[in-house]
Amino acid sequence: MRGERVAGVLPFGRTVRYPPPMEWDMAVRTDRGLRRARNEDTPLARPDLQLFAVADGMGGHAGGDRASQTAIATLAASFGAGSGDCGSREVATRLRAAFAAANQAILVAAEEDPANHGMGTTLTALCALPDDTTVIGHVGDSRAYRLRDGALEQLTTDHTWVQQQVDEGQLTEAQARDHPYSSMLTRVLGQEDYEAADIVMADARPRDRFLLCSDGLSGMMDDEAIRSILAQPLPAADVADQLVDAANERGGFDNITVIVLVDG
Ligand code: CA
């Protein structure tokens, strides 16, 4: 099964005042998986802003879709309306502000429609800068990884109950992945008591590969399984297809979204 292909550029945004896109090979896939009736994940690929993101929504009725779509639309609009300054500190500030705006937009949308009450979403967003830095904003359990010289590194820390248990030495990584509470989130967008997004800075070298994904991938595959696919010397499109296929072959219990970025 192939991941549903998504248009690389969504129809919002504004005048581009950024340096020309870097020569990164990129692929975006989002797939309903095999068990869920809907796809509540929303990806974003805006090469003009060098901004890539994954949101994984949750909530009754259409709340999950609405939350992830609202987060992505607000992120792109807010970040895109910024100064265009590409310093990593400025970009981090703009990302934090865009996450806060997304949180607020979800709260407003939930207020307007009782059916969406309590909806929320994860959001993990990566901005690639011309100075070979990436700035990552993060809330929830979608993930950013970097593959370098064949080794996979998870750049984000999940905001989950099981991750807290791992940090405290109560669970191993493998136990956390298989735990009945594995998807219980401690932080999402759509919360009244919103806490500013985590910001992670990571450098990018030629041939590094970055992966953004929802837990429909990372919950079905351990890091070694992800690494072995990502490390193949294949174009981003082939790697992205293989990742989605592998998650579905393992059961496809959840919506699967992957963004693969290969530094040229
Ligand atoms: Ca999910």
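Please refer to the structure placed before this passage.
Residues numbered from 1 in each chain as written. Predicted model: local features only at pLDDT ≥ 70, side-chain atom pairs only at ≥ 80, totals over all residues. Heavy atoms only, no water.

1. Let's talk about the coordination of the calcium ion
Consideration 1: The protein atoms that coordinate the calcium ion are D56 (OD), D56 (OD), D215 (OD) and D254 (OD), at distances of 2.3 to 3.0 Å.
Consideration 2: Between the donor residues of the calcium ion, the gaps in sequence give the motif D-x158-D-x38-D. Residue D215 is found in helix α5 (residues 215–218), and its partner D254 is found in the loop between α7 (236–249) and β12 (256–263); the two are separated by 39 residues along the sequence.
Consideration 3: Note on D215: relative accessible area 15%, which makes it buried.
Consideration 4: Take D254: its relative accessible area is 12%, and that puts it in the buried class. (Donors = N, O, S within 2.8 Å, 3.2 Å for Na, K, Ca; no water. Helix = DSSP H or I, 4+ residues; strand = E, 2+ residues; numbered from the N terminus. Buried < 20%, exposed > 50% of the residue type's maximum accessible area, 1.4 Å probe, protein only.)

2. Some details on the environment of H117
Consideration 1: Its location among the elements puts H117 in the loop between α2 (88–112) and β5 (120–121).
Consideration 2: In this structure H117 comes out as exposed when scored by relative accessible area, which is 66%.

3. Describing the packing of aromatic side chains
Consideration 1: For the structure on display, the rule yields 2 aromatic pairs.
Consideration 2: Ring plane angle 20 degrees and centroid distance 5.7 Å describe the contact between W24 and F210, whose orientation is recorded as stacked. Pair noted here: W24 is in strand β2 (residues 24–31) and F210 is in strand β11 (residues 209–213), with a separation of 186 residues, a long-range link. Like W24, the residue F210 is buried in the burial classification. (Phe/Tyr/Trp six-rings, centres within 6.5 Å; stacked < 30°, edge-to-face > 60°.)

4. With respect to unusual backbone geometry
Consideration 1: Phi at D132 is positive, roughly 65 degrees, even though this residue is not glycine.
Consideration 2: Along the polypeptide, D132 turns up in the loop between β6 (123–128) and β7 (133–139).
Consideration 3: Judged by relative accessible area, D132 falls into the partly exposed class, the value being 41%.
Consideration 4: In this model, R207 sits at a positive phi of 80 degrees, which is unusual for a non-glycine residue.
Consideration 5: Within the fold, R207 resides in the loop between β10 (198–203) and β11.

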